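One-letter residues, chain by chain:
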Amino acid sequence: MARHGSWAEEASLCSAEQARKMDTLQNLRARILPALRRVHRNLTRRRPLAPENQAALYIHWPYCEKRCSYCNFNKYIPRRIDEPKMRDCLIQEARTLIQLSQVQRISSVFFGGGTPSMASPLTVGDILDTISQCAHLAEGSEVTLEANPTSADASRLAEFRRAGVNRLSVGVQSLHDADLELLGRNHTASEALRTLEEAKRLFPGHTSVDLIFGLPGQTVPSWVQSLQKLLPLCDDHVSLYQLTLERGTSLFKQVHQGDLPMPDVDAVAEMYDCARHMLRDAGFSQYEVSNFARNGALSAHNLSYWQGSQYIGLGPGAHGRFVPWGDAKIQREARIQTLEPDIWMKEVLAFGHGTRKRTALSELDVLEEVLMLGLRTDIGISHQHWLRFSPTSSLWDVFGESEEVKELKEQDLLFLDHRGLRCSWKGLAVLDTLLLTLLSQLQQAWAEREERFFNRNTEFMAMCRLNEAGHRGRGRLEGRKRKKGSHGDEDAGTWFLAGAVRDRGGGGLPGK
């Protein structure tokens, strides 16, 4: 309809009822816009992990007496070890990184390597004293030391206990001397058993045994025979590791040159299956893919890895995962220390630490680690644990509607129920295969979540632009009112809301 008369005349036609409607719209806008801004801030703000006041601590001793044929760990065989300097640098790096993490409590300590039983008990004790000065290390907290039979006689093990070590991990690896020679180990089966007996006497209920299976030339019967001999002698914890041929090792070269025959895939799978059943019959519970315990002797330190907790890595080549709050950061970082011991020590003396690489982990990076590590355990991932890392997407949201996940459940490989997400006994044996499906589903769900966020963000920004345009229109209108002396004109700043009401059958504005 065409307009007639002056602007002031048209404005005077506004009834009291229409004015009340405009006031209502204006009040509605005043309430809605701040709420929308809060939503927008919550959507766009990177959500940090909840602050953790504790972390596990890993200490890498990089030296060995010799290099095993299968090992590609960060280890060195030096002519001479400057142990006082190495000790001082480990102490300094402990101070620096604990302060950087701002944790109040160290939940467990693990001395790995390398061969940490080569270090003097005095060095181990001094490092533990420093840790206790920097954060709370409760009495009785798990302190593990990896021990090689040739560097861990009875008197030395007793000194480690006095220094504060309360758990040993003994690298037996095999009870066949031919296998030990093939692996490049510098001990015999009888030496390994003697060390195991001393460890059990000094650390009863807290001695773990490491074994490797799937060796060149190994058969299922020979593996079963080894376990039958070992199980009556071991303590309450056993770790089983399938041999992995690592590029760059002498064993890798021998196998790929055809000098050594490897057992086929089916034979290795049968070895693993036989070991699981034999350990279960001996009273052990499989609480992780490679780890078995009885009488509650689970490794607290390794559980912290599998549960996605923070851990600080000290020493050459050590890895860590923690939030460096001391640097005003809120994201967890993956950190790697400098590999070569002499260079690492120079960096520690110069900067207080030898961190070579820092990578900020996105929320998806952390969730992928939580998924891969959590499913290694028999309890899997509870709903509460998952929500700690992903407050906006539950396990049901991510995996509940996936057809591939439903197939894994129907095959009795996976459970997704009120307890959370976990593998079955059968599923733990093929975890790597399951993870291909689950990681793909997580990434797909995450991409869909990001797309929804982008669309919501785009809609909000469009509303903000409309609101800004409304404010500009209102300013122009107020200027015209003051110039013409008219009153009661419409509020241009509410147009985008009024239009929404009008589209839903609400009252229109006058003269439209």
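Here, residues in each chain are numbered from 1, in the same order as that chain's written sequence. The predicted nature of this model means local features are confined to residues of pLDDT at least 70 and side-chain atom pairs, given and counted, to a pLDDT of 80 or more, with totals for whole chains, interfaces and linings taken over all residues. The side-chain values count all of the structure's non-hydrogen atoms but skip hydrogen atoms and water molecules.

Brief notes about the overall build of the chain
Logical step 1: Looking only at helices and strands, one finds 19 helices and 15 strands in the chain.
Logical step 2: Contacts in the chain between residues far apart in sequence, at least 24 positions, make up 71% of those at least 6 positions apart. To qualify as a helix, a DSSP run of H or I must reach at least 4 residues; to qualify as a strand, a run of E must reach at least 2; elements of each kind are numbered from the N terminus. Whether two residues touch is decided by their heavy atoms; if any such pair falls within 4.5 Å, the residues are in contact.

A closer look at the pattern of salt bridges
Logical step 1: When a carboxyl oxygen of Asp or Glu is within 4 Å of a side-chain nitrogen of Lys or Arg, the pair counts as a salt bridge. Applying the stated criterion across every chain yields a total of 15 salt bridges.
Logical step 2: One salt bridge in this structure joins Arg-294 and Asp-236, with 2.9 Å as the shortest N-O distance. Note that Arg-294 is positioned in the loop between β8 (291–293) and α11 (300–306) and Asp-236 in the loop between α8 (220–230) and β6 (237–242), a separation of 58 residues in sequence. Accessibility assignment for this pair places Arg-294 and Asp-236 in one class, buried.
Logical step 3: Arg-422 is paired through a salt bridge with Asp-417; the nearest N and O atoms lie 2.9 Å apart. Across the pair, exposure class does not vary: Arg-422 and Asp-417 are buried alike. Only protein chains enter the accessibility calculation, which uses a 1.4 Å probe. A residue is then buried if its area is under 20% of the maximum for its type, exposed if over 50%, and partly exposed in between.

Some points on the side chain of Glu-142
Logical step 1: Its place among the elements puts Glu-142 in strand β3 (residues 142–147).
Logical step 2: Polar side-chain contacts of Glu-142 include one of 2.9 Å to the backbone nitrogen of Ala-300.
Logical step 3: Aside from chain neighbours lying at most four places away, what touches Glu-142 is Ser-107, Ser-108, Val-109, Asn-166, Arg-167, Leu-298, Ser-299, Ala-300 and His-301. Polar contact is defined as a pair of N or O atoms within 3.5 Å, subject to the rule that within protein one atom must be able to donate a hydrogen and the other to accept it, and that residues adjacent in sequence are counted only when both atoms are side-chain atoms.

Here's the deal with unusual backbone geometry
Logical step 1: Note that the residue after Gly-113, namely Gly-114, is joined by a cis bond; omega there is 20 degrees.
Logical step 2: Mapped onto the fold, Gly-114 is located in the loop between β2 (105–113) and α4 (121–134).
Logical step 3: Positive phi is not limited to glycine here, since Gln-102 has a value of about 60 degrees.
Logical step 4: In this fold, Gln-102 is placed in the loop between α3 (83–101) and β2.
Logical step 5: Judged by relative accessible area, which is 44%, Gln-102 ranks as partly exposed.
Logical step 6: In this model, Ala-328 sits at a positive phi of 60 degrees, which is unusual for a non-glycine residue.
Logical step 7: Note that Ala-328 resides in the loop between β10 (319–322) and β11 (333–337).

A look at the environment of His-176
Logical step 1: Within the fold, His-176 resides in the loop between β4 (167–173) and α6 (177–183).
Logical step 2: On the accessibility criterion, His-176 (26% relative accessible area) is partly exposed.
Logical step 3: Once the C-alpha coordinates of His-176 and Thr-188 are considered, the two residues, 12 residues apart in sequence, prove to be 8.0 Å apart.
Logical step 4: Setting aside residues no more than four positions away along its own chain, His-176 makes contact with Ala-189, Ser-222, Gln-225 and Ser-226.

A word on the nonpolar core
Logical step 1: Grouped together as the largest cluster of nonpolar side chains are 100 residues, with contacts concentrated most on Val-109, Ile-131, Leu-371, Trp-386 and Phe-399.
Logical step 2: In this structure, Ile-131 is in contact with Leu-57, Ile-59, Ile-98, Ile-106, Val-109 and Leu-137, ignoring residues within four places of it in sequence. Grouping buried Ala, Val, Leu, Ile, Met, Phe, Trp, Tyr and Cys residues that are joined through side-chain atoms within 4.5 Å yields what is termed a nonpolar core.

A word on the sheet that holds strand β13 (residues 381–382)
Whenever strands of a sheet pair, they do so through backbone hydrogen bonds, lying parallel or antiparallel.
Logical step 1: Here we have 3 strands laid out as an open sheet, ordered β13-β15-β14, and antiparallel in their pairing. Each end of this open sheet is capped by a strand with a single partner; those strands are β13 and β14 (414–417).
Logical step 2: DSSP bridges decide pairing: two strands pair if at least two such bridges lie between them. One ladder, built from 2 bridges, connects β13 with strand β15 (residues 420–423); its direction is antiparallel. Pairing of Ser-382 across the sheet is with Gly-420, part of β15.

Here we look at the packing of aromatic side chains
Logical step 1: In summary, the pairing rule links any two rings of Phe, Tyr or Trp, Trp by its six-membered ring, whose centres are within 6.5 Å, and it sorts them by plane angle into stacked for under 30 degrees, edge-to-face for over 60 and tilted for everything else. Counted under the stated rule, the structure contains 7 aromatic pairs.
Logical step 2: Summarising the aromatic geometry, the rings of Trp-61 and Tyr-63 are spaced 5.5 Å apart at their centres and angled 80 degrees between planes, so their arrangement reads as edge-to-face.
Logical step 3: Between Phe-213 and Tyr-272, the ring centres sit 6.1 Å apart and the planes meet at 15 degrees, which makes this aromatic pair stacked. Note that Phe-213 is positioned in strand β5 (residues 207–213) and Tyr-272 in helix α10 (residues 265–281), a separation of 59 residues in sequence.
Logical step 4: What makes Phe-213 buried here is its relative accessible area of 2%.
Logical step 5: One aromatic cluster is present, formed by Phe-213, Trp-223 and Tyr-272 through successive ring pairs.
Logical step 6: Two conditions define a charge sitting above a ring: the NZ of Lys or the CZ of Arg must be within 6 Å of the ring centre, and it must be within 35 degrees of the ring normal. Of note, Arg-280 hangs over the ring of Trp-425, and the distance from its end group to the ring centre comes to 4.4 Å.
Logical step 7: Directly above the ring of Trp-446 sits Arg-449, whose terminal nitrogen or CZ lies 4.4 Å from the centroid.

Side note on the environment of Arg-419
Logical step 1: The residue Arg-419 is located in the loop between β14 and β15 in this model.
Logical step 2: Along the primary structure Arg-419 and Gln-384 are separated by 35 residues, whereas in three dimensions their C-alpha atoms are 9.2 Å apart.
Logical step 3: Discounting residues that sit within four places of it in the chain, Arg-419 has contacts with Ile-381, Ser-382 and His-383.

Describing the state of the cysteines
Logical step 1: Disulfides are defined as cysteine sulfur pairs within 2.5 Å. The tally for this structure, following the rule as stated, stands at 0 disulfides.
Logical step 2: Free cysteine Cys-64: the closest other cysteine sulfur is in Cys-71, separated by 6.6 Å.
Logical step 3: For Cys-64, a relative accessible area of 4% gives the class buried.

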